[in-house]
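Structural characterization, general
What follows is the residue order along each chain.
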Amino acid sequence: MNRDAITPGFVQVGHVERSHGLEGNLRVFFDVDDPAKVEDLTLVYLRNDRGDFIPARITDLRVEGKRNQFSFFVQFDHIADRTAAEALKGKGIFLEAEHAETLSDDDAQADDTLIDHEVFDDRDESLGLVIDVMENPAHPILVVATTSGSRLIPYIEHFVRDTRDGNIYCQNLDELEGV
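As a starting point, this report considers the structure included with it. What you see is a predicted model; the values in this text were computed from it and never measured. (Residues numbered from 1 in each chain as written. Predicted model: local features only at pLDDT ≥ 70, side-chain atom pairs only at ≥ 80, totals over all residues. Heavy atoms only, no water.)

**Considerations on the overall build of the protein**
Cut-off, in case you're wondering: Helix and strand labels come from DSSP, where a helix needs a run of H or I of at least four residues and a strand needs a run of E of at least two; each type is numbered from the N terminus. Whether a residue is buried, partly exposed or exposed follows from its accessible area with a 1.4 Å probe, protein chains only, as a fraction of its type maximum: under 20%, in between, or over 50%, in that order. Contact definition: two residues touch when any of their heavy atoms are within 4.5 Å. Accessible areas in this description were obtained via Shrake-Rupley with a 1.4 Å probe; residue shielding takes into account the shown protein chains only.
Helices and strands together make up the secondary structure of the protein, namely three helices and 13 strands. Relative to its 179 residues, the protein shows a buried fraction of 38%. At a minimum sequence separation of 6, the contacts of the protein that also span at least 24 residues come to 48%. Surface accessibility of the protein: about 10,700 Å² in total, with carbon and sulfur atoms responsible for 47%.

**Examining the pairing of strand E13 (residues 167-170)**
Counted only if it meets this: Only when DSSP finds a minimum of two bridges between them are two strands counted as paired.
Here E13 shows a buried face lined by Asn167 and Tyr169 and a second buried face lined by Ile168 and Cys170. Bridge count for strand E8 (residues 118-120) against E13 is three bridges, and the pairing is parallel. Bridging across to E13, Phe120 finds its partner in Tyr169. In terms of strand pairing, strand E12 (residues 160-164) meets E13 through four bridges, oriented antiparallel. Bridged to Asp162 within E13 is Tyr169.

**A word on the pattern of salt bridges**
To be explicit about the condition: By convention in these notes, a salt bridge is any Lys or Arg side-chain nitrogen within 4 Å of a carboxyl oxygen on Asp or Glu.
The final tally for this structure, using the stated rule, is nine salt bridges. Linking Arg50 and Asp52 is a salt bridge whose minimum nitrogen-to-oxygen distance equals 2.4 Å. We note a salt bridge from Asp124 to Arg161, for which the minimum N-O separation is 3.0 Å. Here Asp124 is found in the loop between E8 and strand E9 (126-134), whereas its partner Arg161 is found in strand E12, with 37 residues between them in sequence. Looking at Asp124, the relative accessible area reads 47%, which means it is partly exposed. A network of salt bridges, in which partner residues are shared, links Asp121, Arg123 and Glu125.

**Brief notes about the nonpolar core**
Which entries qualify depends on this criterion: Residues enter a nonpolar core if they are buried and are Ala, Val, Leu, Ile, Met, Phe, Trp, Tyr or Cys, with the set joined through side-chain atoms within 4.5 Å.
Val28, Phe30, Val44, Phe76 and Ile93 are the most contacted members of the largest nonpolar core, which totals 24 residues. When residues of this core are traced back to their parent elements, those giving at least two are strand E2 (10-20), strand E3 (25-30), strand E4 (43-47), strand E5 (53-66), strand E6 (69-76), strand E7 (92-96) and helix H2 (97-100). Val130, Val133, Ile168 and Leu176 belong to the second-largest nonpolar core, a separate cluster that totals 14 residues.

What follows is the structure, given as C-alpha cells:
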C-alpha cells in the first residue's frame, strides 16, 4: 500500500491493469496477501484528472487463481462499456485510510524488519545494507545498497542461507550476475 503525502486520509491499495471484455469489466491489482480480504469491498476511490477522489461503487468482484497468483475482475457501477473501462487503465485504486488497514499485508510489515540488515556473500564478505524489501507475488526481494549501486536478491532459501544477529548470509549470488 502506498501512502501519498499529498492525499491525507486515502491510501492506494491497487491499480487498474486493463479492461476485460465489452461490458466495462476491469482487471485490477490489489496489494493484498489474501484475496479474501477484498471480497467484501463495495466502495473504493479513483482519482480524476484534477486529482480529486471520486467514489466508485463495486457492483461485481470476481477472483481467479492461477499458478499461485490471483487476478481480480471488477465491475464499477459507473462503467458501462469497454471505452469507459479503457480510460481507467493505470489509475490507482484508493481506500480511506481507516479502511485500508484491514487490507494491509502482515508479512510485508514483518519484512520491513530486514531493513538495515547487513548482507554477506558466501565468502562472508559484506555486500552492503538492505534499504528496501520489495513485495512480489512469488517472494520478497531484498534491495541491497552496495558500493557500486543497488542489488536485488530474492529472499528465498536458494539465495539466503541464514538470517541472524541483524545480518543476512547469502549463497549462490553468482547466479544473479547480469540479471
